[in-house]
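# Architecture and fold: a report
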Amino acid sequence: LDSTYDTYCIIGSDILPATDNVELWFQLGDSSGIDSGSSDYEWNCYRYDDGTTAAAWEQDTGDPYINISGNPSGALGGAAGEGVGFTAFLYGPGDSAMYSHLSWQMSGIYYSTNAGFVNGSGFRTANIAHDRCLIYFESGNVESGRLTVWGIAHV
């Protein structure tokens, strides 16, 4: 990521965790590494999972990550047929005029083959120019999946 684009679109397709029942996390970084301090991020989301809750607003005002899955107890499945996809927009990562922030929509088949979706937003709580991001599961590896990133030019 760089200041060439003020906005990036990140698409995650067929993302499958190696470990069942885990959260999907997002972090930003610069040449010093990934920002992972205990209160580096704030996030909020609306989540629905037909197996655990009718609907829930969730948020955290001091986390070491943005929780893309929006479920503090973990929810993403690693069994056959399960997995998630998401579309996220990252605004201002290379521009230190404002906080880098993320909006996203995620849907998929959660653990125990429950359908679910999340709409959310979050930001890095410091005004830092970022040149990288990290998307990973709270534990275990990414078993499979694909990320595609596009820079969006403003004319």
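Whatever comes next refers back to the structure up there.
Since the model is a prediction, treat every value here as computed from it, not as a measurement. In this convention, every chain numbers its residues from 1, walking through the sequence in written order. Where totals are concerned, whole chains, interfaces and linings use all residues; where local detail is concerned, this predicted model gives features only for residues with pLDDT of at least 70, and gives and counts side-chain atom pairs only at 80 or more. To obtain the side-chain values, all non-hydrogen atoms of the structure were used and water was disregarded.

Moving on to the pairing of strand E9 (residues 115-124). Each residue is placed in one exposure class: buried if its accessible area under a 1.4 Å probe, protein chains only, is under 20% of its type's maximum, exposed if it is over 50%, and partly exposed if it falls in between. Every helix listed is a DSSP run of H or I at least four residues long, and every strand listed is a run of E at least two residues long, numbered separately from the N terminus. Residue alternation in E9 divides its side chains into a buried set, Gly116, Val118, Gly120, Gly122 and Arg124, and an unburied set, Ala115, Phe117, Asn119, Ser121 and Phe123. Both strand E4 (residues 41-49) and E9 contribute to a ladder of nine bridges, which runs antiparallel. When the sheet's bridge partners are listed, Tyr46 is paired in E9 with Asn119. For two strands to be treated as a pair, DSSP must find no fewer than two bridges joining them. For strand E8 (residues 101-109) and E9, the ladder comprises nine bridges, and the chain directions are antiparallel. Looking at E9, one finds that Trp104 is bridged to Gly120. Connecting E8 to the antiparallel partner E9 that follows it, the hairpin turn spans five residues, and Ser112 within it adopts a positive phi of roughly 60°.

Close approach of charged atoms allows side chains of opposite charge to pair. Criterion for a salt bridge: a side-chain nitrogen of Lys or Arg within 4 Å of a carboxyl oxygen of Asp or Glu. Per the stated rule, a full pass over the model turns up four salt bridges. One salt bridge in this structure joins Arg124 and Asp40, with 3.5 Å as the shortest N-O distance. With Arg124 in strand E9 and Asp40 in the loop between strand E3 (33-34) and E4, this residue pair connects regions lying 84 residues apart in the sequence. Like Asp40, Arg124 is buried. The partner of Asp131 in a salt bridge is Arg132, with the nearest N and O atoms 2.7 Å apart. Take Arg132: its relative accessible area is 34%, and that puts it in the partly exposed class. One salt-bridge network, held together by shared partners, links Asp35, Asp40 and Arg124.

Only rings of Phe, Tyr and Trp enter the pairing, Trp through its six-membered ring, and a pair is recorded when the two centres are within 6.5 Å. The plane angle decides the type: under 30 degrees is stacked, over 60 is edge-to-face, the rest tilted. Throughout the structure, instances matching the rule amount to eight aromatic pairs. Relative to Tyr136, the ring of Trp25 lies with its centre 5.7 Å away and its plane at 90°, an arrangement referred to as edge-to-face. Residue Trp25 is located in strand E2 (residues 24-30), and its partner Tyr136 is located in strand E10 (residues 132-137); the two are separated by 111 residues in the primary sequence. For Trp25, a relative accessible area of 13% corresponds to the buried category. Clustering of aromatic rings is evident, with ring pairs tying together Tyr46, Tyr48, Trp57 and Phe117. Counting as a charge over the ring demands two things of the Lys NZ or Arg CZ atom: a distance within 6 Å of the ring centre and an angle within 35 degrees of the ring normal. When the ring centre of Tyr41 is taken as reference, the NZ or CZ atom of Arg124 above it lies at 5.9 Å.

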